[in-house]
Amino acid sequence: MPPIQGYSASVEAARQALEVAQTALPRDVGQAVTNAGWTFLRDRFDVQVLIDHITSKAEDDDFVSKLHAAADKARQQQPQRGRPPKATSDTAHKHVRDDESPIVPATI
């Protein structure tokens with residue numbers, strides 16, 4: 001992405017990024033249905049009834065909660081990208097025995 005020059009350019013870039021994000025979800029849904037290989041969908045009327053059914057289920061808070069929980073679980077199972085988290089002071093000194101000082105090395 002090229003560097004942004006000025007406030008109006010940053011507003012325009014943010015607007016374009018929002019449009020891209022808003023149009024990504026319908027493409028993702030369409031791609032997921034295509035990849036599912038559902039042979040029971042015969043035509044566009046079956047697809048519309050499926051969408052209507054999902055829309056009515058989305059009004060049920062329990063259904064949405066279960067959907068989000070399943071998606072969160074799947075998201076957590078993805079391999080982590082980027083830099084691993086820093087070790088805390090507890091995990092950084094796990095190799096030190098109880099009778100040793102974590103600062104002074106043991107001499108034998």
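See the structure above.
What counts, and where the lines are drawn
- Residues numbered from 1 in each chain as written.
- Predicted model: local features only at pLDDT ≥ 70, side-chain atom pairs only at ≥ 80, totals over all residues.
- Heavy atoms only, no water.
- Helix = DSSP H or I, 4+ residues; strand = E, 2+ residues; numbered from the N terminus.
- Buried < 20%, exposed > 50% of the residue type's maximum accessible area, 1.4 Å probe, protein only.
- Areas by Shrake-Rupley, 256 points an atom, 1.4 Å probe, with all protein chains shown as cover.
- Salt bridge = Lys/Arg side-chain N within 4 Å of Asp/Glu carboxyl O.
- Expected span 1.5 Å × (residues − 1).
- Polar contact = N/O pair within 3.5 Å; in protein donor to acceptor, adjacent residues only side chain to side chain.
- Patch = residues over 30% accessible without salt bridge, like charges linked within 9 Å, V, L, I, M, F, W, Y side chains within 5 Å.

Engineer: Sorry, what's going on with the overall build of the chain here?
Structural biologist: A tally of regular secondary structure across the chain gives four helices and zero strands. Across the 108 residues in the chain, those meeting the buried criterion constitute 3%. Summing over all exposed atoms, the chain offers an accessible surface of approximately 10400 Å²; the carbon and sulfur share of this is 58%.

Engineer: What should I look at first to understand the pattern of salt bridges in this one?
Structural biologist: Pairing between side chains becomes possible if they bear opposite charge and their charged atoms approach one another. Summed over all chains, the structure comprises five salt bridges. As a salt-bridge pair, D72 and R75 come within 2.6 Å of each other at their nearest N and O atoms. Pair noted here: D72 and R75 are both in helix α3 (residues 61-76), with a separation of three residues, about one helical turn. Here D72 falls in the partly exposed class, since its relative accessible area comes to 39%. On the accessibility criterion, R75 (55% relative accessible area) is exposed. Taken together, the shared-partner salt bridges in this structure form one network comprising E12, R15 and E19.

Engineer: Mind showing me how you'd approach α3 here?
Structural biologist: With 16 residues, α3 extends 22 Å from end C-alpha to end C-alpha; this agrees with the ideal 22 Å at 1.5 Å per step. Capping the start of α3 is the job of one residue whose side-chain oxygen sits 3.2 Å from the backbone nitrogen of D62: D60.

Engineer: Help me out: how do you make sense of helix α2 (residues 44-57) in this one?
Structural biologist: The α-helix winds at 3.6 residues per turn, so residues separated by three or four positions along the chain end up facing the same way. Under the 1.5 Å per step criterion, the end-to-end length of α2 is 20 Å for 14 residues, consistent within 8% with the ideal 20 Å. Measuring from the side-chain oxygen of the N-cap residue of α2 to the backbone nitrogen of F45 gives 3.2 Å; that N-cap residue is D43.

Engineer: Hey, could you run me through a nonpolar patch on the surface in this one?
Structural biologist: On the surface, V47, I51 and I54 cluster together to form a nonpolar patch covering roughly 220 Å² of accessible area. Here V47 is to be found in helix α2.

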